[in-house]
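Coordinates in review
Okay, here's what each chain looks like letter by letter:
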Amino acid sequence: MGFDYALVHLKYTIPPAALLTLLYRPLFTKLDVYKIAFLVAIAVVATIPWDSYLIRTRIWSYPSYVIVGPTLLEIPLEEVFFFVVQTYNTSLLYLILSKPTFQPVYLHAGPDASRGQWRTKRLAGQTLLLVAIAWGWRCIKEEGPGTYAGLIIVWAGPFLLLLWSLAYQFILGLPWTNTVVPIMLPTLYLWVVDTLALRRGTWVITAGTKYGVHLWDGLEIEEALFFFITNTLIVFGQLAFDNALAVLYTFPHLFATPPRLPSPALLMRALLTPCSKYDGARLTGLKEAVHRLKRKSRSFYLASSTFPALLRADLLLLYSFCRVADDLVDNASTAREAQEWITKLHKFLDNVYSDTGSSLVVSEHVRSHFPADTQSALLQLPAAKLSPQPLRDLLHGFEMDLAFNTAPLIETDEDLRLYSERVAGTVAQMCIQLIFQLYPTNLPTEEQRKIVAAGNHMGVALQYINIARDICVDAQIGRVYLPLTWLSEVGLSYDAVLKHPDHVQIESLRMRLLDKAFSLYEKATGAIQKLPSEARGPIRVAVESYMEIGRTLREDGYVVKAGRATVPRWRRVMVAWRTLNK
Ligand SMILES: CC(C)=CCC/C(C)=C/CC/C(C)=C/CC/C(C)=C/[C@@H]1[C@@H](COP(=O)(O)OP(=O)(O)O)[C@]1(C)CC/C=C(\C)CC/C=C(\C)CCC=C(C)C
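Source: prediction; values computed, not measured.

All right, on to the packing of aromatic side chains then. Scanning all chains against the criterion turns up 18 aromatic pairs. Ring centres 6.2 Å apart and planes at 40 degrees place the aromatic pair Trp164 and Tyr168 in the tilted group. With Trp164 and Tyr168 both in helix α5 (residues 147-173), this residue pair falls 4 residues apart, about one helical turn. Judged by its relative accessible area of 7%, Tyr168 is buried. Between Trp341 and Phe370, the aromatic rings sit 5.8 Å apart at their centres with planes inclined by 25 degrees, giving stacked as the arrangement. Remark: Phe370 occurs in the loop between α13 (359-369) and α14 (372-379) and Trp341 occurs in helix α12 (residues 335-353); sequence separation between them is 29 residues. Comparing Trp341 with Phe370 shows no difference in burial state: the two are buried. Grouping aromatic residues by their ring pairs yields a cluster made of Trp50, Phe82, Trp155, Phe226 and Phe227. Just above the ring of Trp341 sits the side chain of Lys344; from NZ or CZ to the centre is 4.5 Å.

Dropping the structure here:
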């Protein structure tokens, strides 16, 4: 009896497990637990017969003085724990690294998605794996130095073949941070641990069944292969799972109400759904939405990665609609053109919410009246989950902007408030509607009304931050959102601000606006706690990331990029992390 193997865990596998758990804790969902438990169960069940065979045939062994004693089918319990902890650690690293990626946009739709280049890639991978399995089989038959390598490949090869055949598009298409890194980081780590363990004699590989080749001093090539292949199996398993979830959650026409924890049979059905059945238009809408959000709003982009997948998709599509509508109006070359866009957008809403209107009417109107690169944002708006009023009010907010062409728009605090409620309070209302659609609540109506009211305040607070940040940028396009009454109090005229938006007096007005924003924020923030638990943390991250712009503006010497104060990336990540841990 001894504790060497147990100490390997104590020193090398349990600390990273604890660290990764701590890092991921605020984002851990029931679905993550389910995914990890599912893979751990498969890893244990699939490895035990194989490992037991290796030990019984003495291909590898454990001196009795390094293990505590109890065994399962002759496998020391420390070894069984190894299957569990390795699967847990690699899975958790994968989950952390893949969190920023919105994976559904890596699905490929249409008949071409499984033909041509994709077919070649699938076949190439399958052939490679089949050849490897055949080679491994031959090595086992020969009972020579290739035995251990052969046993590893013949055992893992069929699983890899299955996972590759089901999820090769996802495996090849996703960024390497979702694939290569979660395989290679734990592999390198375990190579180092293994080097130390073999040197100490914690586990031993029999001489006649290995090549005797070392990757580096102390690391047998078979051990290196073993850890590489097992980590690949774990990450491919996670990828296949996520591929199935992406199909389940992205195409309501195929899977109308997918359960939160889908059964293995349902996951398999999703994976086996032919790409030709995917909704290509929805995928395009989502791809463009992600691209738009990434390009235009770094705060909301970071926040979006903390949302559960289904809510994230709806928010992305809502963002895409709001952004496109705002840009159509803002980028119009004349006031008349801007008004025409608003009229067309109203007509679009009339069609969408008309009792008789069919989706054909909606799509024909969009295709004949809007630029090609904006169409998917309109057609994919999750309108059925939203009431029309906040959308119409948002357009009224954009209409208010047009008034700038004739006279200053914002005269008093009340004007500023009304404008902000229309362009941002409405957005908050819609976010809350989407949340309650996905996570129905049994809170009394009055309580729900209070939450919406708080959301409206929060939207206004965010809009004040937006105005305080953009004083210079707005002046360049002929707009001043600071109330005229404020300007006259510090002896400035509207035209003076348009000409010199960096006037010293402006700074005091910027601070005044920020104070108003933070006071609204303080009043509204408590209501976030009343949202469904799945949305609470992520909404807080979205709000805090934007409020951080305000905090930056309050500091001396903030950094300005393209006329706007920016929050450095590390600071945004820290805000998200702190917020989620509160
Ligand atoms: C995480 C995620 C994907 C969120 C998406 C939120 C969303 C749909 C935002 C729409 C943004 C948009 C383009 C709106 C058009 C009108 C507009 C410009 C509003 C201003 C946004 C600023 O965005 P940005 O800085 O990118 O704009 P410009 O470059 O200046 O054009 C706004 C400041 C409004 C943003 C308001 C919200 C997101 C509402 C926040 C409140 C909640 C989510 C509810 C909180 C709940 C409670 C109970 C308090």
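A separate point is the site of the ligand. Taken together, 31 residues surround the ligand, and among them Arg323, Asn466, Arg469, Tyr546 and Arg564 come closest. One of the side-chain N or O atoms of Asn466 is found 2.8 Å from an oxygen atom in the ligand. Here the ligand has 1,100 Å² of accessible area as a free molecule, and 95% of this is covered by the chains. For the shell around the ligand, the secondary structure elements donating two or more residues are α9 (280-296), α10 (298-304), α11 (309-330), α16 (413-438), α17 (445-469) and α22 (533-554). Broken down by element, the shell around the ligand gets its largest block of residues, 8 residues, from α17. Among the residues making up the shell around the ligand, the classes are represented as 20 nonpolar, 5 polar and 6 charged.

Let us now look at the UniProt feature "transmembrane region" (unreviewed entry) in the protein. UniProt records the feature "transmembrane region" (unreviewed entry) at residues 36-55, 146-164, 171-192 and 225-251, using the numbering of this structure. The distance from the first to the last C-alpha atom of residues 36-55 is 27 Å, and the span holds 100% helix and 0% strand. Its end C-alpha atoms 25 Å apart, residues 146-164 is made of 95% helix and 0% strand.

Now for empty space enclosed by the protein. In the structure shown here, the tally under the stated rule is 3 cavities of 30 Å³ or more. One number sums up the size of the largest cavity: a volume of about 110 Å³. What lines the largest cavity is a set of 11 residues, among which Tyr5, Trp60, Glu79, Phe82 and Phe226 lie closest to the centre. Class assignment of the residues belonging to the lining of the largest cavity gives a composition of 8 nonpolar, 1 polar and 2 charged. Roughly 60 Å³ of volume is contained in the second largest cavity. Taken together, Ile467, Asp470, Ile471, Asp474, Ala475, Arg479, Val480, Tyr481, Leu482 and Val497 make up the full set of residues lining the second largest cavity. With 3 residues, the single largest contributor to the lining of the second largest cavity is helix α18 (residues 471-476). Classifying every residue of the lining of the second largest cavity by side-chain character gives 7 nonpolar, no polar and 3 charged.

Turning our attention to the domain arrangement of the protein. We note that the domain assignment places domain 1 (4-239) and domain 2 (282-581) within the protein. Each of domain 1 and domain 2 was reduced to a C-alpha centroid, and the two centroids are 46 Å apart. Together domain 1 and domain 2 conceal approximately 1,200 Å² of surface at their shared face, both sides included; 68% is due to carbon and sulfur atoms. The three residues of domain 1 that bury the most area against domain 2 are Pro26, Phe102 and Val105, which together make up 46% of that side's buried surface. Across the domain 1-domain 2 interface, the total number found is 0 salt bridges. Taken together, the links from domain 1 to domain 2 amount to 4 residue pairs in polar contact (both at pLDDT 80 or more).

So, about a nonpolar patch on the surface. Residues Met1, Phe3, Leu7, Leu10, Ile14, Val68 and Phe81 make up a contiguous nonpolar surface patch of roughly 660 Å² in combined accessible area. Looking at the nonpolar patch element by element, the count peaks at 3 residues for helix α1 (residues 4-24). Examined against the element boundaries, Leu10 turns out to sit in helix α1.

The computed volume of the second largest pocket comes to approximately 1,200 Å³. When contributions to the lining of the second largest pocket are tallied by element, the ones reaching two or more residues are α2 (30-56), α3 (77-98), α7 (221-250), α11, α22 and α23 (569-581). If you tally residues by element for the lining of the second largest pocket, the top one is α22, at 6 residues. Looking at the lining of the second largest pocket, its residues break down into 19 nonpolar, 10 polar and 12 charged.

What follows is about the environment of Pro158. Turning to its location among the elements, Pro158 is positioned in helix α5. Between the C-alpha atoms of Pro158 and Gln126, which are 32 residues apart in sequence, the distance is 10.0 Å.

Further remarks concern the side chain of Glu79. Counting through the fold element by element, Glu79 comes out in helix α3. Arg58 provides the closest opposite charge to the buried, unpaired Glu79, separated from it by 12 Å. Other than its neighbours up to four places away in sequence, Glu79 contacts Tyr5, Asp51, Trp60 and Tyr62.

Quick look at the packing of α3 against α7 now. Where α3 contacts α7, the two axes come as close as 10 Å, and the packing angle between them is 55 degrees. With respect to α7, the axis of α3 lies oblique. Classified by chirality, the crossing of α7 by α3 is right-handed. Contacts from Phe82, Gln86, Thr87, Thr90, Ser91, Tyr94 and Leu95 in α3 reach Phe227, Thr230, Asn231, Ile234, Val235, Gln238, Leu239 and Asp242 in α7. Across the contact of α3 with α7, the residue classes tally to 7 nonpolar, 7 polar and 1 charged.

Rules used throughout
Residues numbered from 1 in each chain as written. Predicted model: local features only at pLDDT ≥ 70, side-chain atom pairs only at ≥ 80, totals over all residues. Heavy atoms only, no water. Phe/Tyr/Trp six-rings, centres within 6.5 Å; stacked < 30°, edge-to-face > 60°. Helix = DSSP H or I, 4+ residues; strand = E, 2+ residues; numbered from the N terminus. Buried < 20%, exposed > 50% of the residue type's maximum accessible area, 1.4 Å probe, protein only. Lys NZ or Arg CZ within 6 Å of the ring centre and 35° of its normal. Near = heavy atom within 4 Å. Polar contact = N/O pair within 3.5 Å; in protein donor to acceptor, adjacent residues only side chain to side chain. Areas by Shrake-Rupley, 256 points an atom, 1.4 Å probe, with all protein chains shown as cover. Nonpolar A, V, L, I, M, F, W, Y, C, P; charged D, E, K, R; others polar. UniProt positions renumbered as here; feature names shortened; annotations may be inferred. 1 Å grid on protein atoms, 1.4 Å probe; cavity = no way out; pocket = protein on both sides within 12 Å on 5 of 7 lines; lining within 4 Å. Points joined across faces, edges and corners; volume = space filled by probe spheres on them. Domains from an automatic or database assignment. Buried area = accessible area lost by both parts, 1.4 Å probe. Salt bridge = Lys/Arg side-chain N within 4 Å of Asp/Glu carboxyl O. Patch = residues over 30% accessible without salt bridge, like charges linked within 9 Å, V, L, I, M, F, W, Y side chains within 5 Å. Lys, Arg positive; Asp, Glu negative; His and termini not counted. Contact = heavy atoms within 4.5 Å. Axes fitted to C-alpha atoms, helices over the stretch in contact; angles between N-to-C directions. Parallel < 35°, antiparallel > 145°, perpendicular 65-115°, else oblique. Left-handed = near helix turned anticlockwise from the far one by under 90°.

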